[in-house]
Amino acid sequence: MAYDPAAQAEAFLRELGAESMPHPGGTLLTHLHRVRIRLAGWDARPALQLAGLCHAFYGTDGFVRVLLPLDRRSELVAVIGEEAEAIVYFYASCDRRATYPSLADPGSPFHDRFTGRAHAPGPALRRDFAELTAANELDLADRDPAFRERHGAGLLDLFARFRPLLSGPAREDCTAILRGPTHLHSP
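Everything numeric in this text was worked out from a predicted model, so none of it was measured.

Chemist: Help me understand the side chain of Thr99, please; the structure alone is not making it clear to me.
Modeler: One can find Thr99 in helix H6 (residues 96-99). Apart from residues lying up to four places away in sequence, Thr99 is in contact with Cys94, Pro109, Phe110 and His111.

Chemist: Explain the packing of aromatic side chains to me, please; I cannot follow it from the model alone.
Modeler: The final tally for this structure, using the stated rule, is nine aromatic pairs. An angle of 40° between the planes, with centres 5.4 Å apart, marks the rings of Phe12 and Phe57 as tilted. Within this pair, whereas Phe12 is found in helix H1 (residues 5-15), its partner Phe57 is found in the loop between helix H3 (46-54) and helix H4 (73-80), the two being separated by 45 residues in sequence. The class of Phe12 is buried, set by a relative accessible area of 7%. Here Phe57 falls in the buried class, since its relative accessible area comes to 0%. Between Phe90 and Phe129 the ring centres are 5.8 Å apart and the planes differ by 85°, which places this aromatic pair in the edge-to-face class. Highlighted residues: Phe90 in helix H5 (residues 82-93) and Phe129 in helix H7 (residues 123-143), separated in sequence by 39 residues. The buried category is assigned to Phe90, whose relative accessible area is 6%. Grouping aromatic residues by their ring pairs yields a cluster made of Phe90, Tyr91, Tyr100, Phe110, Phe129, Phe159 and Phe162.

Chemist: Would you mind showing me how to read the pattern of salt bridges here?
Modeler: Note on pairing: side chains with opposite charge can pair once their charged atoms come close. Tallied over the full model, the rule gives 11 salt bridges. The salt bridge involving Glu75 is made with Arg72; its shortest N-O contact spans 2.6 Å. Overall, the relative accessible area of 30% leaves Glu75 in the partly exposed class. Across the pair Asp139 and Arg143 runs a salt bridge whose closest N-O atoms are separated by 3.9 Å. Here Arg143 and Asp139 lie together in helix H7, a separation of four residues that amounts to about one turn. The exposure class of Asp139 is buried, given its relative accessible area of 1%.

Chemist: Got a minute to help me understand the layout of surface pockets in this structure?
Modeler: To find leftover empty space, one rolls a probe the size of a water molecule over the atoms. Of the voids in this model, the largest pocket is the one considered here, and its volume is about 200 Å³. Residue assignment for the lining of the largest pocket shows that the elements contributing at least two residues are helix H2 (28-41) and H7. Of all the elements, H7 adds the most residues to the lining of the largest pocket, at three residues. Split into classes, the residues belonging to the lining of the largest pocket amount to seven nonpolar, six polar and three charged.

Reading guide: rules and limits
Residues numbered from 1 in each chain as written. Predicted model: local features only at pLDDT ≥ 70, side-chain atom pairs only at ≥ 80, totals over all residues. Heavy atoms only, no water. Helix = DSSP H or I, 4+ residues; strand = E, 2+ residues; numbered from the N terminus. Contact = heavy atoms within 4.5 Å. Phe/Tyr/Trp six-rings, centres within 6.5 Å; stacked < 30°, edge-to-face > 60°. Buried < 20%, exposed > 50% of the residue type's maximum accessible area, 1.4 Å probe, protein only. Salt bridge = Lys/Arg side-chain N within 4 Å of Asp/Glu carboxyl O. 1 Å grid on protein atoms, 1.4 Å probe; cavity = no way out; pocket = protein on both sides within 12 Å on 5 of 7 lines; lining within 4 Å. Points joined across faces, edges and corners; volume = space filled by probe spheres on them. Nonpolar A, V, L, I, M, F, W, Y, C, P; charged D, E, K, R; others polar.

What follows is the structure, given as structure tokens:
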């Protein structure tokens, strides 16, 4: 039988308690699974889909619960591979307040909340981050009307800024879930 990193990642998530952790729309594991499915629907490459499934391992700026401490990153690498784990770390490390306003600007700083350092990631990593951010936030908005009511306008603004980094399917999903069919399309 061939090695299935998604199945192994789900088993690892269960082992770490994600299946019993409450999260909007069910459990954390259910949310992570939906984020992966959304990315697959956008035709994201396998490494980004795996990162979507695992994006909460190290906690995030918006989800403080840590499933796996950073000193155990090698364990996640062994399950999902270096490329997907690097996306998970990058996503988790984001200081959102400092990074979001200019993420789509080439050469703008990305602020790492773990190290306190800023650096300018390349366009591919910026695109991965934007797609994963959209998939994550859209799942919450799609499942929780109160979340959508509270954060929908801000997310529309954020994804409008991220537009150069988002795929067509991601932009369409943002529009469909947060506003309607014309908000994020080019003039």
